[in-house]
Structures are given as C-alpha cells and as structure tokens.
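Reading the structure
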Amino acid sequence: QVQLVESGGGLVQPGGSLRLSCAASGRIFSINDMGWYRQAPGKQRELVATITSGGSTNYADSMKGRFTISRENAKNTVYLQMNSLKPEDTAVYYCNAAYKKFSWSVIYGIWGRGTQVTVSS
C-alpha cells in the first residue's frame, strides 16, 4: 500500500520555524511532482508549494520568501521549511505526490493524512 506520512508539525510561536517532512513508501517506481497543501478551519484546502522531480518549485504568494520546499528523491521524501510563521499559517498541512507504480504505469495521486501546525503565542 502506497502511502505518505507527514511529520514535524506542532505548536510554534509567531516568528518561529518548523520543518515538515513527508515520506512516501510502498510500491513506487518513481515520483514526479510532490507538494504541500494546507487547510485551515472553515477554509478550502490551498496550495502551499510544489516541487517537480527536477527540482522546479512553485509557491503560493503568501508563502514566498518564508517557506522553502525541497526533496530527496532517493528517500522519496519532500520537506517544507517554514520560517517567520504567522498565526494565519495555522492549518493542517497535507503532503501530495504524483507517482508511478511501474515504468509503464499511469500516474497516480495520493494524499497524506496531514499534520497540524499551530502558530500561537
């Protein structure tokens, strides 16, 4: 069973930092894009950042300059370094990946269960 497991969330003060990790496991031939999304109470899930297998990144405007997405392909892991955190960053952060089970496979999409990030004094 292919799955994504997020870790690194928690409670942090405004201006603080957290580093989230997301590791993919199971029958995976390759992973294409990976990304982070978040969902705050009462709001739609929104894009945080994405990264391609080649390392090209994309960020939502509110995260630019504060968040950094990176990956270690050999470990099937994506990271999100979050700095200068604000109360409005409080949300459940979800990992997403597009992957192939075999070289000839179609591309599958999968979501992690999420990790809570709370920014509060």
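It should be noted that the structure appears before, not after, this text.
This is a predicted model, so every value here is computed, not measured. (Residues numbered from 1 in each chain as written. Predicted model: local features only at pLDDT ≥ 70, side-chain atom pairs only at ≥ 80, totals over all residues. Heavy atoms only, no water.)

Next up on the list: the state of the cysteines. Formally, a disulfide is one covalent bond, and it connects the sulfur atom of one cysteine to the sulfur atom of another. If you walk through the whole model with that rule in mind, you get one disulfide. Here C22 connects covalently by a disulfide to C95, the sulfurs 2.1 Å from one another. Across the disulfide from C22 to C95, rotation about the S-S bond amounts to roughly -85°, and the bridge is consequently left-handed. Here C22 is found in strand β3 (residues 18–25), whereas its partner C95 is found in strand β9 (residues 91–100), with 73 residues between them in sequence. In this structure, C22 and C95 share a single accessibility class: buried. (Disulfide = S-S within 2.5 Å. Helix = DSSP H or I, 4+ residues; strand = E, 2+ residues; numbered from the N terminus. Buried < 20%, exposed > 50% of the residue type's maximum accessible area, 1.4 Å probe, protein only.)

What follows concerns the sheet that holds β3. Spatially, four strands are ordered β1-β3-β8-β7 in an open sheet, and the strand pairing comes out antiparallel. Every other strand in the sheet has two partners, leaving β1 (3–7) and β7 (67–72) as the edge strands with one partner each. The sheet shows a mean angle of 15° between the axes of neighbouring strands, direction not considered. Direction of pairing for β3 relative to strand β8 (residues 77–82): antiparallel, over a ladder of six bridges. When the bridges of β8 are listed, C22 appears paired with V78. (Pairing = 2+ DSSP bridges. Axes fitted to C-alpha atoms, helices over the stretch in contact; angles between N-to-C directions.)

Next up on the list: the environment of P14. The topology assignment puts P14 in the loop between β2 (10–12) and β3. Each C-alpha atom, one on P14 and one on Q81, is 15 Å from the other, the two residues being 67 residues apart in sequence. Filtering out sequence-adjacent residues up to four positions away, P14 remains in contact with L85, P87, V119, S120 and S121. (Contact = heavy atoms within 4.5 Å.)

Attention now goes to the pairing of strand β4 (residues 30–39). In the sheet, β4 pairs with β9 via eight bridges, with the strands oriented antiparallel. Bridge pairing links Y37 to Y94 in β9. When β4 meets strand β5 (residues 46–51), the two strands line up antiparallel, connected through five bridges. The partner of W36 across the bridge, within β5, is A49. Between the end of β4 and the start of β5, which pair antiparallel, lie six residues, with G42 showing a positive phi angle near 80°.

Our focus in this paragraph is the pattern of salt bridges. Between side chains of opposite charge, pairing is possible as soon as their charged atoms come close. In the structure shown here, the tally under the stated rule is five salt bridges. We note a salt bridge from R38 to E46, for which the minimum N-O separation is 2.7 Å. A relative accessible area of 6% places R38 in the buried class. K64 is the partner of D61 in a salt bridge, and the nearest nitrogen-oxygen pair spans 3.2 Å. K64 matches D61 in its accessibility class, with the two residues each being exposed. Taken together, the shared-partner salt bridges in this structure form one network comprising R38, E46, R66 and D89. (Salt bridge = Lys/Arg side-chain N within 4 Å of Asp/Glu carboxyl O.)

A few words on the side chain of D89. For D89, the position within the fold is in the loop between β8 and β9. At a separation of 2.8 Å, a polar atom in the side chain of D89 contacts the side chain of R66. Excluding residues that lie within four positions of it along the chain, D89 makes contacts with R38, R66, F67, S84, V117 and V119. (Polar contact = N/O pair within 3.5 Å; in protein donor to acceptor, adjacent residues only side chain to side chain.)

Honestly, that's just the spatial picture; any functional story needs more than this.
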